[in-house]
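Topology and contacts: notes
So you can see what is in the structure, the chains are spelled out below.
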Amino acid sequence: MAYSDKVLDHYENPRNVGSFDKNDSNVGTGMVGAPACGDVMKLQIKMGSNGIIEDAKFKTYGCGSAIASSSLVTEWLKGKSLDQAAEIKNSAIAEELALPPVKIHCSVLAEDAIKAAVKDLKSKQK
Amino acid sequence: MKNKLHDMPIYMDYSATTPVDPRVAKKMIPYITEDFGNPASRSHPYGWAAEKAVENARREIALLVNADPKEIVWTSGATESNNLAIKGASNFYSKKGKHIITLATEHKAVIDAVRECERVGYEATFLEPEPNGLLDIEKFKSTIRPDTVLVSVMLVNNEIGVIQDITAIGNICRENNVIFHVDAAQATGKVKIDLEKLPVDLMSFSAHKTYGPKGVGALYVRRKPRIRIEPQIHGGGHERGMRSGTLAPHQIVGMGEAFRIAREEMDEENNRIKNLQTKLLKGLTEIEETYVNGDLEKRVPHNLNISFNYVEGESLIMAIKDIAVSSGSACTSASLEPSYVLRALGRSDELAHSSIRFSIGRFTTESDVEFTIALLKEKIGKLRELSPLWEMYKDGVDLEKVEWAEH
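Description of the structure in this document.

Moving on: the pairing of strand β3 (residues 99-103) of chain B. Residue and element names in this part refer to chain B. Summarising burial for β3: five of the five residues are buried, a large majority. Covered by surrounding structure in β3 are His-99, Ile-101 and Leu-103 together with Ile-100 and Thr-102, the residues of both alternating faces. As a crossover connection, the stretch from β3 through helix α5 (residues 108-119) into strand β4 (residues 123-127) is right-handed. Relative to strand β5 (residues 148-154), β3 runs parallel, the two sharing four bridges.

Looking now at the sheet that holds strand β1 (residues 27-34) of chain A. All names here are of chain A. Ordered by their spatial adjacency, three strands build an open sheet running β1-β2-β3, and the pairing between neighbours is antiparallel. In this open sheet, the two strands that pair with only one neighbour each are β1 and β3 (53-61). With direction set aside, neighbouring strand axes in the sheet form an average angle of 10°. Inspection of the sheet shows strand β2 (residues 39-47) paired to β3 by eight bridges, in the antiparallel sense. When the sheet's bridge partners are listed, Ile-45 is paired in β3 with Ala-56. This element, helix α2 (residues 64-77), spans β2 and β3 of the sheet and lies at about 175° to β3.

This part is about the interface of chain B and chain A. Counting from both sides, the interface comprises 22 residues of chain B and, opposite them, 21 residues of chain A. For the side of chain B that touches chain A, the secondary structure elements donating two or more residues are α9 (313-319), α11 (349-353), α12 (366-386) and α13 (388-394) of chain B. Along the lines of polarity and charge, the residues of the side of chain B that touches chain A split into 10 nonpolar, five polar and seven charged.

Criteria and cut-off values
- The numbering scheme is per chain: residues are counted from 1 as the chain's sequence reads.
- Here chains are named by letter from A upward and ligands by number from 1 upward, in the order in which they appear as written.
- The predicted nature of this model means local features are confined to residues of pLDDT at least 70 and side-chain atom pairs, given and counted, to a pLDDT of 80 or more, with totals for whole chains, interfaces and linings taken over all residues.
- With C-beta atoms placed from the backbone, a residue is buried if 20 or more other C-beta atoms are within 10 Å of its own, exposed if 12 or fewer are, and partly exposed between those counts.
- A run of H or I in DSSP counts as a helix once it spans at least four residues, and a run of E counts as a strand once it spans at least two, with each numbered from the N terminus.
- With strands facing away from the observer, any crossover in which the path from the first strand over the helix to the second runs clockwise is taken as right-handed.
- Two strands form a pair only when DSSP identifies at least two bridges running between them.
- Think of each axis as a best-fit line through the C-alpha atoms, taken over the contacting stretch in the case of a helix, with angles from 0 to 180 degrees between the N-to-C directions.
- We call two residues in contact if the C-beta atoms placed from their backbones are at most 7 Å apart.
- Gly is put with the polar residues, along with every residue not named as nonpolar or charged; the nonpolar set is Ala, Val, Leu, Ile, Met, Phe, Trp, Tyr, Cys and Pro, and the charged set is Asp, Glu, Lys and Arg.

Dropping the structure here:
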């Protein structure tokens, strides 16, 4: 499997690896995928007092493309509102990383993780 | 062994294929350029020279496995040998019945040949081995039926390196008048094979797993008592009609020389490789949450198959690109299923996904093994830092009880 330079870069130097306290009311956590399928992504976003995502962290069990997809979205999420975050599309991720067709599901998983994290955070804000 | 010509990774995939031993390559070359004759040409010295070389090589194959040279049929490789044995014998003896028994962990060349038999009206039983990869003999015995015509069990498994009890299985076949085929592609030069004593009727061999060239193999067909097979390739009646097609003397000479070296150097080589395996095993199992796949005792020293829990196989392969290994992960195969061999042992999908097969051989050095251990320790650590499953495991979460969104 030949990977694009961008996938390799994120894989070799993943951005924003780590975890926030998932019980923090300003933290939204999205965990998607399943070990049996070979991909599990945990994406966390932290919202500032202005309603803007000030930080994001991830941990991913999966192939290089899955790691790169989640690493990339942590960069994209910072500075976005929750609604803007939920608008990130898998196609944009796939395009940015030049994912081959068999790896598109990795970008889908990253989009799902964002949506799950946003949903979690919104439910905490209520 | 680091490839000096290109910047290539250390080769740890000897079960996929082996380099041709330089002594073998040297012996092959004259049969491409000078003694290029067709061994079937009976009317001139070109043919005679080629025929002599082919018969010398046949003797070498027979010597390694203690058989009669007349029992050796040249083929294009173990896949063809397996097909010829399974289809050829089950068709010839189909009057006895149309039931075939094999293992779920066989090589695809056996499994798919048996599936083809199913397609044309045979019934097949694919036995699940025990969790250690070995066949339970009693379980096997109870599967035999009056209409069982053929049993096919591999001697050494290609993924997990376990050695099946061929004597016990063969004795049961004999008692029940069932033809017994053994795929020994991964066994030559690794375990002693004595066909004078072994109750085996048909045995498949490959050259390129034993430092010979790709594209050549052989099938042992027992003469006493005589086993008959229907040819699968028809033509000029070569190989006493069992396998037509002009022989490839350079390939055959290569296989003969490779098997001669295997016979002469096997004991010493196995001792050396056993030491390397012990070292590799000790180093790698110092890493937490590692699982060796397949029995450790009844196993060739060349193979070590280990699952690294909470790390995904393809990302691991990427991380350890300085060594050439293969993985049981779905992502590295054409299908999207994780290794069917590890699944048949009852390994979870997760552990199958995170398995690496290290296979070592003639040119593996101690420093190759040391490098591999250090590399794995570093990269597994790095990937586990990235792994949410590792984090959950460390937090004491029972991953079995988590409701995952399967996708």
